[in-house]
Amino acid sequence: MTTQTIPLPRAMQQDEKSTLTVLLALFKQRKTVTNGVSKSIFSKSLKHVFLIFSGLIMVFPFVWMLMGSMKSNDEIFSNPMNLFPEQFRWESFIEAFNSAPFGLYIMNSFTVALFTTLIVIVNSAMFAYAITQLKFRSQTLLYFVVMACYMLPGAVTYIPSYITLANLGLLDSHTGLVISNAASVFGVFYLRQVFLKVHPSLIEAARIDGAGEVKILWAIVLPQCKAALATLFLITFITNYNSYMWPSLLITSQDLNLIATGIRQFFIAEGNYGLNWSQIMAASSIAVLPLLTLFIIFQKTILSGIADNGVKE
Amino acid sequence: MAEVILRQVEKQYSNGFKAVHGIDLTIKEGEFMVFVGPSGCAKSTTLRMIAGLEDITAGEVIIGDRCVNHLPPKDRGISMVFQNYALYPHMSVYENMAFGLRQQKLEKLEIERRINEAAETLEITQLLNNKPGEMSGGQRQRVALGRAMVRKPDVFLFDEPLSNLDAKLRVSTRISIAQLHQDLKAEGQNATMIYVTHDQVEAMTLGDRICVLNQGRIMQVDTPMNLYHLPANKFVAGFIGSPAMNLIVATLIKENEHVYTQLACGTRFLLPDDKAQKVSDKIGQKVWFGMRPEHISTVANTSQAPSEQGDIALTHINVIESMGNELYLYCKLGNEQIISRIPFNPDDSVKHNEDHYMKFDMSHCHLFDIETEQALLY
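If you're wondering where the values come from, they're calculated on a predicted model, not measured in any experiment.

Here is what the cut-offs are and how they apply
- Residues numbered from 1 in each chain as written.
- Chains lettered and ligands numbered in written order.
- Predicted model: local features only at pLDDT ≥ 70, side-chain atom pairs only at ≥ 80, totals over all residues.
- Heavy atoms only, no water.
- Helix = DSSP H or I, 4+ residues; strand = E, 2+ residues; numbered from the N terminus.
- Buried < 20%, exposed > 50% of the residue type's maximum accessible area, 1.4 Å probe, protein only.
- Contact = heavy atoms within 4.5 Å.
- Areas by Shrake-Rupley, 256 points an atom, 1.4 Å probe, with all protein chains shown as cover.
- Pairing = 2+ DSSP bridges.
- Core = buried A, V, L, I, M, F, W, Y, C linked by side-chain atoms within 4.5 Å.
- Axes fitted to C-alpha atoms, helices over the stretch in contact; angles between N-to-C directions.

Thoughts on the overall build of chain A
Alright, step 1. For chain A, the helix and strand inventory stands at 15 helices and zero strands.
Alright, step 2. Taking all 313 residues of chain A together, 36% fall into the buried category.
Alright, step 3. Long-range pairs, those at least 24 residues apart, make up 72% of the contacts in chain A with a sequence separation of at least 6.
Alright, step 4. A total accessible area of about 19100 Å² is found for chain A, and carbon and sulfur atoms account for 69% of it.

What follows is the structure, encoded as structure tokens:
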């Protein structure tokens, strides 16, 4: 790069010193801008590399399971790190499906998860609305009590919950499973954070318009929180669909098994451990399908977020 | 279509802070009342107490012939237009306007009729299917007005509705609101309107009467003209008017049967006889001397000594601001900074950083008690 000396116009020469200062400042600014651009590209690339790496870590077990389901049992153990099978064996899926009533288990899981999720959303929304939009004494205390429950390890609640359900005669039933999971501390916490972002003037406008609190929740607040509701739906559904420990304690009848307990019972608990890994993986892949479908359905809503909130800040 | 009466209304928060100190105010049926005051003066709090969005600690709010202290907002016969529009973002304009009417269980046809009527008045018919996110600030505010209109309330409440609009839109929407008030009056609806603003221009142009608030207390309630020309106290004198009234500490002195206001720098102005009579008991005492900028004008060099004339002072012009049609002169009079507003005249020789004689129109002067800050001349 060559440098040229550009003669300054006469008018500028009178104030040559200050002009040079300006040019120097412009040059410095340009240099800073160039540095800024390259820095931004570098940090962007770094972020992408990190995200790709994290994504691969997340997706690897799933891909490994899917590929494993198409390998023979020997192939899985002889070369576990080989991702692709030597020969794609689709029959594992048919064998797995025929060896146990997976259709029924998936249906059980789906039904229990769906009802639990719907009740959780209704409960959490009403609770979160009360602690964010209504004014009453010990509002904060109530919230702290909820948060304190969040700190409890899940296993601590198993015995009292089991005894309560036994007293209600709801052991070994889907109703018992749904009722025992019908309140979600996470749901309350999550929706509280979301409802706090709803502009108070919208609630006040609705009150002046004559709407009651349930109407405001249903017609004004919830439609604005679609993304959060979809997220909560998905998280709660997946948790309940995949739930293993609590259903394994509560459910004893074969035909009431959920998918996670069903897979364990048929392929592992009955002494086949180490023999039918390809079938286990095939069954697990089948079990994941409804969740994947749900995710695809909700993905757009979750990503859409909250667009315009109708108020001017 | 209802009178609004506030009787000893107080608001105290749980932390002990008292925002409103026993307000007494009667807003007549069909009146356009503006609450104006600086930030934190409790004008919005007072409005929200009328609306029922804020609890009242003590006192009574009466709308029409009912004490509404314990009534929810929906039963008070009010509509409110919010500063941030508060339109339901997921609903179309039509749905926004219909929401309140549906809660009243009105017939579908009646709802449609009212919405179309309001939409025509506010020229938003073409926007009825749009969502708030697809509209400009001005359009959103007109929809908010429409939503309030269709409910046909007894009292309209406006909480700084133009604050989020740009200057041009603010003027046009302000005119729309004034027009709405007149139209409703012409239709015989005679709706009472209470409007909160911190903008004096809005207050002066819209209000039948203005209630000036400061620190939770009413400073003065009067017509815009009276507030400007006959401020009841120093606060109102300084708050209403732009540029603000010049307020200087002066001493009242009597010499040769004439009463003068003498500034700390020694400059003195002769009080007209009618005004001098009203402060005859304050001779020798300090007072606040007030003069609006438009009552201070430039004069060509005078042959007489300023002290002999009693209304001319020598000032030093520090800064001149040109407004196009007029000039604001920021001058130094002794140690005091004063502002003069004069019409722009290309032949004028006014220059900054120069001494210049100024004429104080003493027939328009104001005097306020130094302690109580109440007006002494009217």
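Some details on the environment of S284(A)
Residue and element names in this part refer to chain A.
Alright, step 1. Tracing the backbone through its elements, the reader meets S284 in helix α15 (residues 277-304).
Alright, step 2. Take S284: its relative accessible area is 18%, and that puts it in the buried class.
Alright, step 3. Sequence spacing of S284 and I263 is 21 residues, and the spatial spacing of their C-alpha atoms is 7.6 Å.
Alright, step 4. If sequence neighbours within four positions are ignored, S284 has contacts with M65 and I263.

So, the pairing of strand β18 (residues 336-343) of chain B
Alright, step 1. Across eight bridges, the pairing between strand β17 (residues 326-333) of chain B and β18(B) is antiparallel. Directly across from Y330(B), in β18(B), lies its bridge partner I339(B).

Examining the nonpolar core
Alright, step 1. The biggest cluster of nonpolar side chains holds 84 residues, and the ones touching the most others in it are F195(A), I220(A), V221(A), F35(B), I63(B), L157(B) and I194(B).
Alright, step 2. Core analysis: the next-biggest nonpolar cluster, separate from the first, contains 45 residues, V36(B), L87(B), L122(B) and F156(B) among them.

What to know about the pairing of strand β14 (residues 286-291) of chain B
Along a regular strand, successive side chains alternate from one face of the sheet to the other.
All names here are of chain B.
Alright, step 1. In terms of burial, β14 is largely enclosed, as five of its six residues are buried.
Alright, step 2. Two strands pair when backbone bridges link them, and β14 and strand β20 (residues 366-369) are joined in this way by four bridges, in the antiparallel orientation. What sits directly across from W288, in β20, is F368.

Structural notes on unusual backbone geometry
Residue and element names in this part refer to chain B.
Alright, step 1. Here the amide bond leading from S242 into P243 is cis, since omega sits at 0°, within 30 degrees of zero.
Alright, step 2. Following the sequence through the fold, P243 ends up in the loop between α8 (234-239) and β11 (246-255).
Alright, step 3. Positive phi, close to 50°, is recorded for A86, a residue that is not glycine.
Alright, step 4. Relative to the elements of secondary structure, A86 occurs in the loop between β6 (78-81) and α2 (93-103).

Here's the deal with the sheet that holds strand β9 (residues 209-214) of chain B
All names here are of chain B.
Alright, step 1. Strand order in the open sheet formed by six strands is β6-β7-β8-β3-β9-β10, with mixed pairing between adjacent strands. On the outer flanks of this sheet lie β6 and β10 (217-222), each paired with one strand and no other. Pairwise comparison of adjacent strand axes, ignoring direction, gives a mean angle of 20° for this sheet.
Alright, step 2. Relative to β9, strand β3 (residues 32-36) runs parallel, the two sharing four bridges. Counterpart to V34 in the pairing with β9 is I210.

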